[in-house]
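# Secondary and tertiary structure notes
If you want the building blocks of each chain, they are given just below.
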Amino acid sequence: MSTQQVRRGRFITLEGIDGAGKSTHLSFIRDWLSGRDVGAAFTREPGGTPLSEKIRDLLLDPGTVASLDAEALLAFAARQQHIAEVIEPALAAGRWLVSDRFTDSTYAFQGGGRGVPFERIRALEDWVQRGLQPDLTLLFDLPTEVAAGRMAGTRVPDRFEQEAADFHRRVRAAYLRRAEEAPQRIVVLDAGRGIADIQADIAVHLQRLLERG
Ligand code: ADP
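Residue indices begin from 1 for each chain and proceed along its sequence in written order. Per-residue local features of the predicted model are confined to residues with pLDDT of at least 70, and side-chain atom pairs are confined, for both listing and counting, to 80 or more; whole-chain, interface and lining totals are unaffected and use all residues. Values reported for side chains reflect all heavy atoms of the structure, with hydrogen atoms and water molecules removed beforehand.

## Some points on the site of the ligand
Worth spelling out the cut-off: The rule for a residue being near a molecule or strand is that one of its heavy atoms must lie within 4 Å of it. Polar contacts, as counted here, are pairs of nitrogen or oxygen atoms within 3.5 Å of one another; within protein the pair requires one atom able to donate a hydrogen and one able to accept it, and residues that are adjacent in sequence qualify only if both atoms are side-chain atoms. Using a 1.4 Å probe, accessible areas were evaluated by the Shrake-Rupley method; residue-level cover was limited to the displayed protein chains. Comment: elements are numbered from the N terminus, with helices defined as DSSP H or I runs of at least four residues and strands as E runs of at least two. Note on residue categories: nonpolar means Ala, Val, Leu, Ile, Met, Phe, Trp, Tyr, Cys or Pro, charged means Asp, Glu, Lys or Arg, and polar means any other residue, Gly included.
Close to the ligand lie 14 residues; G19, K22, S23, T24 and R193 are nearest. A distance of 2.8 Å separates an oxygen atom of the ligand from a polar atom in the backbone of K22. A distance of 3.2 Å is found between a nitrogen atom of the ligand and a side-chain nitrogen or oxygen belonging to R150. Relative to its unbound accessible surface of 560 Å², the ligand loses 75% to contact with the protein. For the shell around the ligand, the secondary structure elements donating two or more residues are helix 1 (22-34) and helix 8 (195-211). The element that contributes the greatest number of residues to the shell around the ligand is helix 1, accounting for three residues. Along the lines of polarity and charge, the residues of the shell around the ligand split into four nonpolar, five polar and five charged.

Structure follows, in structure tokens:
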């Protein structure tokens with residue numbers, strides 16, 4: 001009996017402060033990938049499974065009161081279920097999976113924003129991910145004031161979006177620190193530019209990933 005080896009899919013994550021343009025570029029990525037034979041699927045964090053979406057609701061609800069560690073643990077509980085139920089099966093089946101946020105968000109929001117020590121997040125990451133890392137992370141970066149201006153009046157702020165400007169500055173700084181630590185995985189895109197320029201860059205990085213052996 002012959003078993004056919006399925007080539008593992010690719011895992012792409014989108015990151016950035018709120019209002020950086022992730023949703024805007026997600027639809028471009030969807031269109032770009034739909035023209036390639038990669039069986040692309042799309043998901044998000046926190047969320048992506050019924051349990052994880054319930055945890056998302058708790059995390060984003062402005063009425064939720066959670067300690068720093070409880071927030072980090074909830075994020076990783078949602079992530080563990082997401083990995084087991086969605087991410088690993090998709091990658092094992094050879095599909096490309098694009099996630100709107102992943103673990104860099106926990107470093108940025110719970111670590112940088114809230115002050116949870118990075119070592120504690122790293123311990124949870126090791127436990128929950130067992131070495132799983134994205135193949136490519138697109139980090140949409142822009143000054144927090146520009147992001148706030150773009151978002152103004154367009155949405156009801158969630159529990160994180162309603163945080164003070166300083167919180168968002170710390171989140172951005174933590175993201176940039178992550179990018180310095182993992183330059184081979186994380187691509188920093190200047191999201192202050194026009195949409196067409198940013199998307200031309202995105203296409204270059206997706207094409208590179210497609211061609212990578
Ligand atoms: P996110 O999903 O990261 O929170 P969005 O994609 O919702 O961000 O973008 C926030 C707002 O900024 C939206 O109104 C969007 O149309 C606008 N926007 C996104 N990218 C750009 C850009 N490069 N230039 C100008 N406006 C943008």
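## Some details on the environment of R150
Which entries qualify depends on this criterion: Exposure is judged per residue with a 1.4 Å probe applied to protein chains only, and the accessible area is read against the type maximum: over 50% gives exposed, under 20% gives buried, and values in between give partly exposed. Should any heavy atoms of two residues lie within 4.5 Å, those residues are counted as being in contact.
In this fold, R150 is placed in helix 6 (residues 144-151). Its relative accessible area of 39% is what places R150 among the partly exposed residues. If we ignore the near neighbours within four places in the chain, the residues touching R150 are G19, A20, L142, A191, G192 and R193.

## A word on the UniProt feature "binding site: ATP" (unreviewed entry) in the chain
Inclusion rule: UniProt positions are given in the numbering used here, feature names are shortened, and annotations may be inferred rather than shown by experiment.
Within this numbering scheme, the UniProt entry marks G16, I17, D18, G19, A20, G21, K22 and S23 as carrying the feature "binding site: ATP" (unreviewed entry). Residue contacts for I17: discarding those within four places in its chain leaves R101, F140, L142, P143, T144, A147, H168, V171, R172 and Y175. Tracing the chain through its elements places G19 in the loop between strand 1 (11-16) and helix 1. The buried category is assigned to G19, whose relative accessible area is 16%. Setting aside chain neighbours within four positions, we find G19 in contact with A147, R150, M151 and R155.

## A closer look at the pattern of salt bridges
Counted only if it meets this: We define a salt bridge as a side-chain nitrogen of Lys or Arg found within 4 Å of a carboxyl oxygen belonging to Asp or Glu.
The tally for this structure, following the rule as stated, stands at 21 salt bridges. The salt bridge involving R114 is made with E163; its shortest N-O contact spans 2.7 Å. Taken together, the positions of R114 in helix 4 (residues 103-114) and E163 in the loop between helix 6 and helix 7 (165-181) put the pair 49 residues apart, joining distant regions of the chain. The closest approach of N and O atoms between R178 and E181, which form a salt bridge, is 3.7 Å. Of the two residues, R178 and E181 both sit in helix 7, three residues apart, roughly one turn of that helix. In this structure R178 comes out as buried when scored by relative accessible area, which is 8%. For E181, a relative accessible area of 42% translates into the label partly exposed. Shared partners join several salt bridges into a network, and the residues in it are D104, R122, R177, R178, E181 and R185.

## Comments concerning the UniProt feature "domain: Thymidylate kinase-like" (unreviewed entry) in the chain
In this structure's numbering, the residues bearing the UniProt feature "domain: Thymidylate kinase-like" (unreviewed entry) are residues 14-202. Taken end to end, residues 14-202 has its terminal C-alpha atoms 11 Å apart, with 56% of it in helix and 12% in strand.

## Comments concerning the packing of helix 1 against helix 8
Applicable threshold: For helices, the axis comes from a line fit to the C-alpha atoms of the stretch in contact; other axes are also lines fit to C-alpha atoms, and the angle between any two N-to-C directions lies between 0 and 180 degrees. Each angle receives one of four descriptions, namely roughly parallel if under 35 degrees, roughly antiparallel if over 145, roughly perpendicular if within 65 to 115, and oblique otherwise. Note on convention: near helix rotated counterclockwise from far helix by under a right angle means a left-handed crossing. Clockwise means right-handed.
For the pair helix 1 and helix 8, interaxial distance at closest approach is 10 Å and the crossing angle is 45°. Between helix 1 and helix 8, the crossing angle belongs to the class labelled oblique. Crossing of helix 1 against helix 8: the hand is right-handed. Contact residues: helix 1 offers T24, H25, F28, I29 and W32, while helix 8 offers I195, I198, Q199, I202, A203, L206, Q207 and L210. Taken together, the residues of the contact of helix 1 with helix 8 break down into nine nonpolar, four polar and no charged.

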